[in-house]
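Here are the chains, one letter per residue:
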2 protein chains.
Amino acid sequence: MSSPVYLGVIGVGGVGTAFLSQLARLPNAPKLILLARSSQTLQSPTPAYSPAIPAAEWKTAVETPSLMKSGALSVDEIASYLSSAPGRSILVDNTSDPALASSYPIFLRKGISIVTPNKKGFSSDLSLWKDIFASAAEGKALVYHESTVGAGLPVISTLRDLVATGDEVTRIEGVFSGTLSFLFNTFAPVSGLSGAKWSEVVAKAKELGYTEPDPRDDLNGMDVARKLTILARIAGLEVQAPDSFPIESLIPKELESLPSTAEGTAQFMARLPEFDGQMAAIKEGAEKQGKVVRYVGSIDVGKKEVRVGLQYFDQDSAIAGLKGSDNIISFYTKRYTSPLIVQGAGAGGDVTAHGVSADLVKAVERLQ
Amino acid sequence: MSSPVYLGVIGVGGVGTAFLSQLARLPNAPKLILLARSSQTLQSPTPAYSPAIPAAEWKTAVETPSLMKSGALSVDEIASYLSSAPGRSILVDNTSDPALASSYPIFLRKGISIVTPNKKGFSSDLSLWKDIFASAAEGKALVYHESTVGAGLPVISTLRDLVATGDEVTRIEGVFSGTLSFLFNTFAPVSGLSGAKWSEVVAKAKELGYTEPDPRDDLNGMDVARKLTILARIAGLEVQAPDSFPIESLIPKELESLPSTAEGTAQFMARLPEFDGQMAAIKEGAEKQGKVVRYVGSIDVGKKEVRVGLQYFDQDSAIAGLKGSDNIISFYTKRYTSPLIVQGAGAGGDVTAHGVSADLVKAVERLQ
C-alpha cells in the first residue's frame, strides 16, 4: 500500500497552473517526473527517475541542472518514458487538446492511468470512449475525469456511484455552463427586474471575462452538449457524438456564416442587438406563464433522449433560483425520486484544478 | 489488482436489508463470509472461507448445510475470523450500536477495513475518533462512513476531497435531518400558507413514520449534533463530544422530565399543543422580517463554533426552498465562495444503503 507512484503533467494554462500549486501542497503526492508545455518538456533523468521536478518551483525548474530538458515530445515518447518508471504512473492532461485526448488508449494500454479535465476524449466519437475504457481494463490502468463536467463539483463521481451500486438513473437535468448560467440569471432573473437587453448582457459578460474570447463558443451550446454526452454515456446511453442530438444554438441563423476570426467576433457582437427582440419575446413568453427561461441540458435515460437548449422553469425551482455563474445538476433515480442535486461554481481554474487534484488523490490511493 | 476481498456484515434492519439487496447485484462484489444479526451468526466454514453466503438469499441461507451457524459472536471472535480470511477483509456495520462502534479500533488494527452508516463511532468522544483513525493507519485498513451524514448524499466524500486537496473550508451550513426538514417545510413554508399548528405537524409526521417512534429523539437535536460533530472533525476542529456545543432542543423545558417510555411519549404528544403559541411566535417573528424559520446546523471553522438550532433564512435562499424531507448541505471554502451545495433525500433505507454500497465499492477497489 505504499509503493511510489510517478506523475507526468501536460499543460500549464489556467487549470494547469492552479493544479501545480495544489500538487505542491498535497500530502503523499506522487513524484512529478515529467512536465510538458507546448514547446518545452522537463523530465527527471533516467534510469533513476530522480530527482523529481519540484511542483512548487515548476516555473524555475528549467534552470535545475539535474533535470532533462527538451522540446515537445511525441505521445509515444511520453508513454514510453512514463511506463518505464520504477512504479505505477499517472498522466494528468490539463490541456483541452483533442489530439492528446485521442491518444489516451496508448497510455492506458501501457498501464499509465489518466486523470484529466479535458472533455475531448470522453465526448467525441463513441468509438474513442469505448477504446479508452477497454484500454484501461487491458492495461489495468485507471481513468478519472471529474472536472470534465461541472469542474470540481462531485458530478461524475456521484453518477458513477449511483450506476455502480445498481441504482436506475431515469433523468439528469441541469445548467452545465457557468457562462450561460450568468447570462440567463442576469437577463431573466426570478425577480423579473432586469431591464437589460440580451446583447448588453452578452457584451457585459464578455467584458468581465465570463465568456470565451469568442462568445459564440459558449452560445453555440457545444460545450454543454459535450458535457451531456459524457453524462449520458455513464448513465448507459450509446451517444454516438456530441452533435448526434438536438442542440439549440443561441447564435442567430442570420449570423451563422460570420467567420470564426476576431473580426467575425466583432461583427457578431455588433449585430447581436438586431436580435434582442427575439430574446425578449422568449423571456416574456416565460413570464406570462409565471416562469423564467434558462439554458439547460437534459437526459431522459428511458426515452434515450438528450437535449440542449432553452426551457421554461417555475420561479421557485432550484434551476430558476441559481445565482451568478453557478452550475446545478439534478439526478432523478429510482432511489432518489426527489432529485439528488449538486450545485456550485462550475468553472474557474481553482475549482477545476480541485477536481483534478481530488481525482489524483483517489488514483494514487488505488495504485500505491 | 484482483485478489479476493472478504466481507462481514452486521445488522439486517432497514438499512441492512436494503444493503444486502444492493450487494447481491454488485458486480465485482466481495465474498460475503459473515452475516450477523442480534442473536444469530452465519459464517462460511474455515479454513477455506468458502462457500460464500449468497447475499440474494440471505434470509434462507441459514438452511444451507454448508454454512456455519451460531449465536451472537463477540467482537474478538468476529475480528479473529475476518482477519484470518485468505485475503483482505471489510466489516460493514449496519447497526446503530455504540458498543460495536467503540470496537472499530480492534478490527482496524487487525487490518479489517470498516464501512458503516453508524454515526456512533465518529460522533462520540474525540478519543474514539482519534483511536479509529490511528488504528486504521496502524493496520493499513480503510474507513468509509459516507452514510453517517446525509445518508447516501455525497457529503463526507466531498468534504474529504476539499480537505485532502488543500482547500480551506470556512463554513458548513445546512439542514441535516429529514424529519426536521419535513416539520419546518410543512409548518413554515415559503408561501406562508400553512395554517397547521406545530403540534399537528409533529403528530402528522409521527403518523406518517417520518419521525422516530419517539419524536423526542428527533426534536432534541442530538442526531443533528452528531452529524455536525463528524463534519467539524473532518474540517479540522477538535470537537470533544456531540454535546460540547450549543444545541437548541425543540423539547419544551416543561416536558423535559417526562420519562423516555412509550407512556412518556404519549404524554409528550398530548401536552405538545400547550406550546403551539411559542412556535407560532417564532414563525411569525421570521415572517415579519420576510424570512422563514428552519432548524439548521452550522460550523464556523475559523471561529471554531458549532451550533445546532433554529435560524431565520431569506425566502429565496436554498435552505428556505427545501422541499419534503430533503437535506441540504452548503460548503463555503476558499475556492468555493459561492457555496458548493449538495441536496436530496437524507434518510431512508435505500439511499442510506446506497452510501454504504458506494463506500464498499471504493474500499474493494483499493484493497483488491
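Since this is a predicted model, take the numbers as computed values, not measurements. (Residues numbered from 1 in each chain as written. Chains lettered and ligands numbered in written order. Predicted model: local features only at pLDDT ≥ 70, side-chain atom pairs only at ≥ 80, totals over all residues. Heavy atoms only, no water.)

## Brief notes about the UniProt feature "domain: Aspartate/homoserine dehydrogenase NAD-binding" (unreviewed entry) in chain A
To keep it simple, the criterion reads: UniProt positions are given in the numbering used here, feature names are shortened, and annotations may be inferred rather than shown by experiment. Note on conventions: DSSP H or I runs of at least 4 residues are helices, E runs of at least 2 residues are strands, and numbering of each starts at the N terminus.
Listed under "domain: Aspartate/homoserine dehydrogenase NAD-binding" (unreviewed entry) in the UniProt record, and renumbered for this structure, are residues 11-146 of chain A. Taken end to end, residues 11-146 of chain A is 35% helix and 19% strand, and its two terminal C-alpha atoms sit 17 Å from one another.

## Looking at the side chain of Thr-165 of chain B
Which entries qualify depends on this criterion: Contacts are assigned to residue pairs that have any heavy atoms within 4.5 Å of one another.
Assignment of secondary structure puts Thr-165 of chain B in the loop between helix H7 (156-164) and strand S8 (169-175). Apart from residues lying up to four places away in sequence, Thr-165 of chain B is in contact with Gln-22, Leu-26, His-354, Ser-357 and Ala-358 of chain A together with Arg-335 of chain B.

## Some points on the pattern of salt bridges
Just so we agree on the cut-off: Between Lys or Arg on one side and Asp or Glu on the other, a salt bridge is scored when a side-chain nitrogen of the former is within 4 Å of a carboxyl oxygen of the latter. The buried label goes to any residue with under 20% of its type's maximum accessible area, the exposed label to any with over 50%, and the partly exposed label to all in between, with areas taken from a 1.4 Å probe on protein chains only.
Scanning all chains against the criterion turns up 20 salt bridges over all chains. Two residues, Asp-214 of chain B and Arg-216 of chain B, come together in a salt bridge whose shortest N-O distance is 2.8 Å. Owing to a relative accessible area of 12%, Asp-214 of chain B belongs among the buried residues under this scheme. Salt bridges sharing common partners tie together Lys-119, Asp-223 and Lys-227 of chain A.

## A look at the UniProt feature "binding site: NADP(+)" (unreviewed entry) in chain A
Residues and elements named next belong to chain A. Within the UniProt annotation, "binding site: NADP(+)" (unreviewed entry) is assigned to Gly-11, Val-12, Gly-13, Gly-14, Val-15 and Gly-16. With residues up to four places along the chain from it excluded, the contact list for Gly-11 reads Gly-16, Ala-36, Asn-94 and Thr-95. Summarising the element assignment, Val-12 is placed in the loop between strand S1 (5-10) and helix H1 (14-24). Taking the relative accessible area as the measure of exposure, Val-12 reaches 17% and is therefore buried.

## A word on the confidence of the model for chain A
Low pLDDT marks regions whose predicted coordinates should not be analysed in detail. Stated formally: Each residue carries a pLDDT value, the predictor's own confidence for that position, ranging from 0 to 100.
For chain A, the average pLDDT comes to 95, and 99% of its residues sit at 70 or higher. Taken over the whole predicted complex, pTM reads 0.96, whereas the ipTM for its chain interfaces reads 0.95.

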